[in-house]
Amino acid sequence: MIYLDNAATTYHKPQSVIDAVVEAMQGMGNSSRGSHSGALKAARTVYDARCKAAALFGCSDPSRVVFTSNSTEALNIALSGLFAPGDHVISTDLEHNSVLRPLYRLQAEEGVLLDFVRADRQGCVDYDDFEVLIRPETKAVVCNHASNLTGNMLDLDQIGSICRKHGLLLVVDASQTAGCIPIDVEKTGISVLCFTGHKGLYGPQGTGGMCIAEGVEIRPFKVGGSGVQSFSKTQPAQYPTRLEAGTLNGHGLAGLSAAFDFIAETGVEAIHAKEIALMRRFYDGVKDIPGVKVYGDFSTDDRAAIVALNIRDYESGEVSDELSENYGIATRPGAHCAPRMHEALGTAEQGAVRFSFSYFNTEAEVDIAIDAIREIARL
Amino acid sequence: MREKKLRLIITFHTTTAAMAFEKYCMANGLPGRLIPVPTSITAGCGMAWMAAPEDRPALEEAIQKDALAVDALYEIVH
Ligand SMILES: Cc1ncc(COP(=O)(O)O)c(C=O)c1O
């Protein structure tokens with residue numbers, strides 16, 4: 001199989017990640033539950049992973065890195081723990097359902113007020129729109145770093161400076177960019193960065209987390225066992241324990257820790273350069289094929305390595321099925337959990353076929369995919 | 001592209017139901033395979049079971065007999 005669905009999850013993982021999970025499963029206690037050698041091994045493993053996450057994302061305090069099972073959980077913890085009735089939140093059309101549904105629920109059940117910065121037919125926003133939507137009750141901007149449909153990136157420096165100027169929180173969904181685009185939470189002024197371990201970080205599924213800025217207070221989403229302050233009736237107030245009730249995914253975090261090493265050794269810039277070169281090769285190979293329509297803004301390399309397209313009026317599901325059955329190429333059709341983005345692009349009905357590239361794809365695989373598209377597009 | 005013809009499409013409310021259906025069909029030698037759900041049925045993500053219209057009686061019987069969780073059955077050109 002030629003796997004070009006890396007925006008869903010990366011398929012090929014570094015051997016060091018696999019080895020670390022196996023090694024952890026051969027013997028590891030429970031982090032923060034006792035101080036025998038097994039428990040300490042787990043606690044050290046998790047702490048190392050925290051330090052590496054903090055280093056990767058420019059967070060100077062590893063205790064403000066909270067681990068979760070994925071970015072969806074991180075986003076739910078952040079969004080459910082930050083807002084009160086009457087608070088106004090600005091988000092964008094680029095968002096994934098893991099941002100949209102928590103926000104819609106807050107709107108319906110908690111009286112949180114919502115506005116969206118609209119995207120144009122290319123999936124781009126006008127940054128002035130953020131300031132236009134700000135009102136006295138505005139508490140935060142919640143936004144994607146890069147769309148999982150078009151790959152278009154939002155300029156967090158611009159959004160960060162708007163948030164700073166108006167005293168707003170900035171919650172960022174870095175699901176598509178963690179590991180492949182440089183992120184510096186403190187320089188950019190990100191209040192909460194939410195990431196997932198199994199995509200561009202090349203870690204195991206079931207890992208993810210959040211980096212929380214100084215002064216940002218998130219109400220716990222779940223409370224329970226923490227291994228510390230056990231006679232207190234309330235969850236410890238200190239991060240990360242405050243948001244990490246229950247046994248962590250220690251085995252997975254051992255893998256994520258090795259994945260952070262892989263990212264650090266390889267270099268975020270080098271990973272991005274390789275992924276973007278593959279994306280460009282594919283984009284250049286398909287964009288002028290008659291009947292092919294590519295979505296998104298390719299005028300810059302500041303984007304995620306994703307190409308979404310349609311062929312004539314063919315259903316995206318049929319094209320993806322054809323690619324899978326007859327060419328052994330894995331892609332993702334349909335809506336990609338991004339309903340507003342599809343509406344902005346005008347693809348709500350047809351969906352789109354998404355090709356997404358990883359550091360482990362090759363030019364030869366890209367060329368096979370281009371040939372497949374050319375054949376399918378031939379009438 | 002695959003030839004378009006009349007096909008039986010079975011939809012599900014969840015991926016879990018689709019997986020249970022596939023497992024059941026494989027274990028019981030029933031025909032068909034999972035495909036992306038056709039957009040003429042519903043926009044969005046998800047999987048559907050595609051088989052030939054001739055297979056409908058056998059699949060329907062299994063759905064009835066073992067109370068398999070399906071959403072709906074369609075016959076469409078796909
Ligand atoms: C932009 C975006 N946000 C959130 C998610 C959710 O990630 P996860 O399923 O790992 O929680 C994804 C991936 O599906 C995504 O692409």
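As a reminder, the structure under discussion sits directly above these lines.
Please read all numbers here as calculations on a predicted model, not as lab measurements.

Colleague: Kindly report on the overall build of chain A, identifying the contributing residues and their values.
Modeller: Scanning chain A for helices and strands turns up 12 helices and 12 strands. Its C-alpha atoms give chain A principal-axis dimensions of roughly 70 × 55 × 30 Å. Split into buried and exposed, the 379 residues of chain A put 58% on the buried side. The contacts of chain A with a sequence gap of at least 6 include a subset with a gap of at least 24, amounting to 70%. With an accessible surface of roughly 15000 Å², chain A has 50% of that area assigned to carbon and sulfur atoms. Across chain A, 33 positive and 48 negative side-chain charges occur, with their mean positions spaced 5 Å apart.

Colleague: Please set out the nonpolar core residue by residue, giving values where relevant.
Modeller: Nonpolar side chains tend to gather and get buried jointly when the protein is soluble and globular. Residues and elements named next belong to chain A. Ranked by internal contacts, the top residues of the largest apolar core, which has 55 residues, are Phe 57, Phe 130, Val 141, Ile 159, Leu 193 and Phe 195. Looking at this core, the element that brings in the most residues is helix α8 (residues 250-266), giving 7 residues. Counting only domains with at least three residues in this core, you end up with domain 1 (2-10 + 267-378) and domain 2 (15-266). For Val 141, the contacting residues outside a window of four places in its chain are Ile 90, Phe 130, Ile 159, Cys 163, Leu 168, Leu 169, Leu 170 and Val 171. Within the second largest apolar cluster, 30 residues are counted, among which are Tyr 283, Val 353, Phe 355 and Ala 369.

Colleague: Describe the packing of aromatic side chains, with residues and values.
Modeller: All names here are of chain A. Going through the model one piece at a time under the given rule, you end up with 14 aromatic pairs over all chains. Between Tyr 3 and Tyr 11, the aromatic rings sit 4.5 Å apart at their centres with planes inclined by 25 degrees, giving stacked as the arrangement. A ring pair is formed by Phe 262 and Phe 360, whose centres lie 5.7 Å apart and whose planes are at 25 degrees; its orientation type is stacked. Of the two residues, Phe 262 is situated in helix α8 and Phe 360 in the loop between β12 (353-356) and α12 (363-377); the sequence distance between them amounts to 98 residues. Accessibility expressed as a relative area gives 12% for Phe 262, which makes it buried.

Colleague: Before we move on, can you summarise the interface of chain B and chain A with the specific residues and values?
Modeller: Many structure descriptions define interface size as the accessible area lost when the parts assemble. Contacts between chain B and chain A engage 14 residues on the former and 18 residues on the latter. Buried surface at the junction of chain B and chain A, summed over both partners, amounts to about 1200 Å²; 53% is from carbon and sulfur atoms. Applying the counting rule to chain B against chain A returns 4 salt bridges. In this structure, the salt-bridge partner of Asp 321 of chain A is Arg 33 of chain B, at a minimum N-O distance of 2.7 Å. Residue composition of the side of chain B that touches chain A, by class: 7 nonpolar, 4 polar and 3 charged.

Colleague: Describe the packing of helix α9 (residues 268-286) of chain A against α12 of chain A, and please don't skip the residues or the numbers.
Modeller: Residue and element names in this part refer to chain A. As a packed pair, α9 and α12 sit with axes 9 Å apart at the nearest point and diverge in direction by 20 degrees. Our classification of the angle between α9 and α12 gives roughly parallel. Considering the relative orientation of α9 and α12, their crossing is right-handed. Contacts between α9 and α12 involve Leu 278, Arg 281, Phe 282, Gly 285 and Val 286 from the former and Glu 363, Val 366, Asp 367, Ala 369, Ile 370, Ile 373 and Arg 374 from the latter.

Colleague: Requested: an account of the site of the ligand, with residues and values cited.
Modeller: Residues and elements named next belong to chain A. With respect to spatial proximity, 13 residues lie near the ligand, and among them Thr 72, Asp 173, Thr 196, His 198 and Lys 199 are the closest. In this structure, Thr 72 approaches the ligand through a side-chain N or O atom, which is 2.5 Å from an oxygen atom. In the environment of the ligand, an oxygen atom lies 2.7 Å from a nitrogen or oxygen atom belonging to the side chain of Gln 176. Alone, the ligand offers 390 Å² of accessible surface; in the complex the protein occludes 88% of this. Counted by class, the shell around the ligand contains no nonpolar, 11 polar and 2 charged residues.

Colleague: Go over the pairing of strand β3 (residues 47-51) of chain B with me, naming the residues and quoting the values.
Modeller: All names here are of chain B. Across the 5 residues that make up β3, a large majority, 4, are buried. Sheet topology places strand β1 (residues 6-11) next to β3; 4 bridges connect them, and they run antiparallel. The partner of Ile 9 across the bridge, within β3, is Met 50. Where strand β2 (residues 33-36) and β3 come together, 4 bridges link them in antiparallel fashion. Residue Ile 35 lies in a different strand from β3, and its bridge partner there is Ala 48.

Colleague: Please give an account of the pairing of strand β5 (residues 138-144) of chain A that cites residues and values.
Modeller: Residue and element names in this part refer to chain A. Most of β5 sits out of view: 6 of its 7 residues are buried. The pairing of strand β3 (residues 88-92) with β5 spans 3 bridges and is classified as parallel. What sits directly across from Val 89, in β5, is Ala 140. Alignment of β5 against strand β6 (residues 169-173), held across 5 bridges, turns out to be parallel. Pairing of Val 142 across the sheet is with Val 171, part of β6. You can see the chain leave β5, run along helix α6 (residues 156-166) and come back into β6, and the turn it takes is right-handed.

So, how was this worked out
- Residues numbered from 1 in each chain as written.
- Chains lettered and ligands numbered in written order.
- Predicted model: local features only at pLDDT ≥ 70, side-chain atom pairs only at ≥ 80, totals over all residues.
- Heavy atoms only, no water.
- Helix = DSSP H or I, 4+ residues; strand = E, 2+ residues; numbered from the N terminus.
- Buried < 20%, exposed > 50% of the residue type's maximum accessible area, 1.4 Å probe, protein only.
- Contact = heavy atoms within 4.5 Å.
- Areas by Shrake-Rupley, 256 points an atom, 1.4 Å probe, with all protein chains shown as cover.
- Lys, Arg positive; Asp, Glu negative; His and termini not counted.
- Charge placed at Lys NZ, Arg CZ, Asp CG, Glu CD.
- Core = buried A, V, L, I, M, F, W, Y, C linked by side-chain atoms within 4.5 Å.
- Domains from an automatic or database assignment.
- Phe/Tyr/Trp six-rings, centres within 6.5 Å; stacked < 30°, edge-to-face > 60°.
- Buried area = accessible area lost by both parts, 1.4 Å probe.
- Salt bridge = Lys/Arg side-chain N within 4 Å of Asp/Glu carboxyl O.
- Nonpolar A, V, L, I, M, F, W, Y, C, P; charged D, E, K, R; others polar.
- Axes fitted to C-alpha atoms, helices over the stretch in contact; angles between N-to-C directions.
- Parallel < 35°, antiparallel > 145°, perpendicular 65-115°, else oblique.
- Left-handed = near helix turned anticlockwise from the far one by under 90°.
- Near = heavy atom within 4 Å.
- Polar contact = N/O pair within 3.5 Å; in protein donor to acceptor, adjacent residues only side chain to side chain.
- Pairing = 2+ DSSP bridges.
- Right-handed = clockwise from strand over helix to strand, strands pointing away.

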